[in-house]
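Observations on the three-dimensional arrangement
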Amino acid sequence: AQSVTQLDSQVPVFEEAPVELRCNYSSSVSVYLFWYVQYPNQGLQLLLKYLSGSTLVKGINGFEAEFNKSQTSFHLRKPSVHISDTAEYFCAVSRLGGKLIFGQGTELSVKP
Amino acid sequence: EPEVTQTPSHQVTQMGQEVILRCVPISNHLYFYWYRQILGQKVEFLVSFYNNEISEKSEIFDDQFSVERPDGSNFTLKIRSTKLEDSAMYFCASIPETVTDGYTFGSGTRLTVV
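This text gives an overview of the structure that appears in the document. (Residues numbered from 1 in each chain as written. Chains lettered and ligands numbered in written order. Predicted model: local features only at pLDDT ≥ 70, side-chain atom pairs only at ≥ 80, totals over all residues. Heavy atoms only, no water.)

1. Side note on the interface of chain A and chain B
- Taken together, the contact between chain A and chain B spans 22 residues of the former and 21 residues of the latter.
- Taken together, chain A and chain B are joined by one salt bridge.
- Measuring nitrogen to oxygen at the nearest pair gives 2.8 Å for the salt bridge that ties Glu56 of chain B to Lys99 of chain A.
- Applying the counting criterion to the chain A and chain B interface returns seven residue pairs in polar contact (both at pLDDT 80 or more).
- For the side of chain A that touches chain B, the secondary-structure elements that each account for two or more residues are β5 (32-38), β6 (45-50) and β10 (87-94) of chain A. (Contact = heavy atoms within 4.5 Å. Salt bridge = Lys/Arg side-chain N within 4 Å of Asp/Glu carboxyl O. Polar contact = N/O pair within 3.5 Å; in protein donor to acceptor, adjacent residues only side chain to side chain. Helix = DSSP H or I, 4+ residues; strand = E, 2+ residues; numbered from the N terminus.)

Below is the structure:
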């Protein structure tokens, strides 16, 4: 079975500062990894995904994530955040065709 | 860009009533899912559907829940007798044969049971 742990429930950060949202997973089989963003009162939007190949994945809105197999991590980073990045961020894992399993979410709050 | 469409966006129902939540997945997608998010909590898997049958379901998906793909385009979630604790945001998602483009989610239906 797979599981996902997001290590921080809330991350406050000032505008234009860098941010890292941490995600660790556990699985006995190869998995695909995802980050989704949820803006207030909206649905889930795919930020980026890792399926195979290069371990550094670039997504939308200037976000990137690095897959680290030895540390079973998939941390999300952005070098300079904007007020508009304020949202809930979910890390998720799946097997091919299988269900997505989500972490508990990290609330990113960007302050001016 | 293709979208997953969910209706209604918000539904209020009385405890004990039946509700049907509707989803129109992307037309060439083959795997379909329902997820639930109780306010302030994480997104939880309910059920997956492939080749016109349930492929996996969670402990939450008990006999009160059912899914159907009645006409090849709609994908519905029925709750037979709603409870207060069924109040949540329900998301539909779909993927094609492979997950290369990620799971596409609808914008959700907020179900409020009173």
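2. With respect to the nonpolar core
- Trp35, Leu48, Leu76 and Tyr89 of chain A are the most contacted members of the largest nonpolar core, which totals 29 residues.
- Considering each element in turn, this core owes the most residues, four residues, to β10 of chain A.
- The contact partners of Leu76 of chain A, leaving out residues within four places of it in the chain, are Val19, Glu20, Leu21, Trp35, Leu47, Leu48, Phe63, Glu64, Ala65 and Tyr89 of chain A.
- Formed by 21 residues, the second largest nonpolar core is a distinct cluster that contains Val4, Leu21, Phe32 and Tyr90 of chain B. (Core = buried A, V, L, I, M, F, W, Y, C linked by side-chain atoms within 4.5 Å. Buried < 20%, exposed > 50% of the residue type's maximum accessible area, 1.4 Å probe, protein only.)

3. Some points on the state of the cysteines
- Applying the stated criterion across every chain yields a total of two disulfides over all chains.
- With its sulfur 1.9 Å from that of its partner, Cys23 of chain A forms a disulfide with Cys91 of chain A. Judged by the sign of its S-S torsion, about -65 degrees, the cystine formed by Cys23 of chain A and Cys91 of chain A is left-handed. Of this pair, Cys23 of chain A sits in strand β4 (residues 23-26) while Cys91 of chain A sits in strand β10, placing them 68 residues apart in sequence. A single burial state applies to Cys23 of chain A and to Cys91 of chain A, both of which are buried.
- A disulfide bridge connects Cys23 of chain B with Cys92 of chain B, and the sulfur atoms are separated by 2.0 Å. (Disulfide = S-S within 2.5 Å.)

4. Overview of the pattern of salt bridges
Residue and element names in this part refer to chain A.
- Evaluated as defined, the whole model comprises seven salt bridges over all chains.
- A salt bridge links Glu20 to Arg77; the shortest N-O distance between them is 2.8 Å. Taken as a pair, Glu20 in strand β3 (residues 19-21) and Arg77 in strand β9 (residues 73-78) lie far apart in primary sequence, 57 residues in all.
- Residue Glu20 is classed as partly exposed on the basis of its relative accessible area, which comes to 34%.
- Residues Lys58 and Glu64 are paired through a salt bridge, measuring 2.8 Å at the closest nitrogen-oxygen approach.
- Classification of Lys58 by relative accessible area gives exposed; the value is 62%.
- Residue classification places Glu64 among the partly exposed residues on the basis of a relative accessible area of 22%.
- Here the salt bridges do not stand alone but share partners, grouping Glu20, Glu66 and Arg77 into one network.

5. Some remarks on the sheet that holds strand β7 (residues 65-68) of chain B
Residues and elements named next belong to chain B.
- Overall, antiparallel pairing links the four strands, which are arranged β1-β3-β8-β7 in an open sheet. If you trace the sheet from one side to the other, it starts and ends with β1 (5-7) and β7, each paired once. Neighbouring strand axes in the sheet, compared pairwise and without regard to direction, differ in orientation by 20 degrees on average.
- Here β7 runs beside strand β8 (residues 75-79); their pairing, made up of four bridges, is antiparallel. Paired with Ser66 across the two strands is Lys78, which belongs to β8. (Pairing = 2+ DSSP bridges. Axes fitted to C-alpha atoms, helices over the stretch in contact; angles between N-to-C directions.)

6. Details of the packing of aromatic side chains
- In total, this model carries 20 aromatic pairs over all chains according to the counting rule given.
- Where Phe34 of chain A meets Tyr36 of chain A, the ring centres are 6.3 Å apart and the plane angle is 35 degrees; that geometry is what we call tilted. Of the two residues, Phe34 of chain A and Tyr36 of chain A, neither departs from the other in class, the shared state being buried.
- Pairing Tyr50 of chain A with Phe67 of chain A gives two aromatic rings, centres 4.4 Å apart and planes at 25 degrees, and the pair type is stacked. Pair noted here: Tyr50 of chain A is in strand β6 and Phe67 of chain A is in strand β8 (residues 64-68), with a separation of 17 residues, a long-range link. Like Phe67 of chain A, Tyr50 of chain A is buried.
- Here the aromatic residues Phe34, Tyr36, Phe90 and Phe102 of chain A together with Tyr33, Tyr35, Phe45, Phe91, Tyr103 and Phe105 of chain B are joined through ring pairs into a cluster of three or more. (Phe/Tyr/Trp six-rings, centres within 6.5 Å; stacked < 30°, edge-to-face > 60°.)

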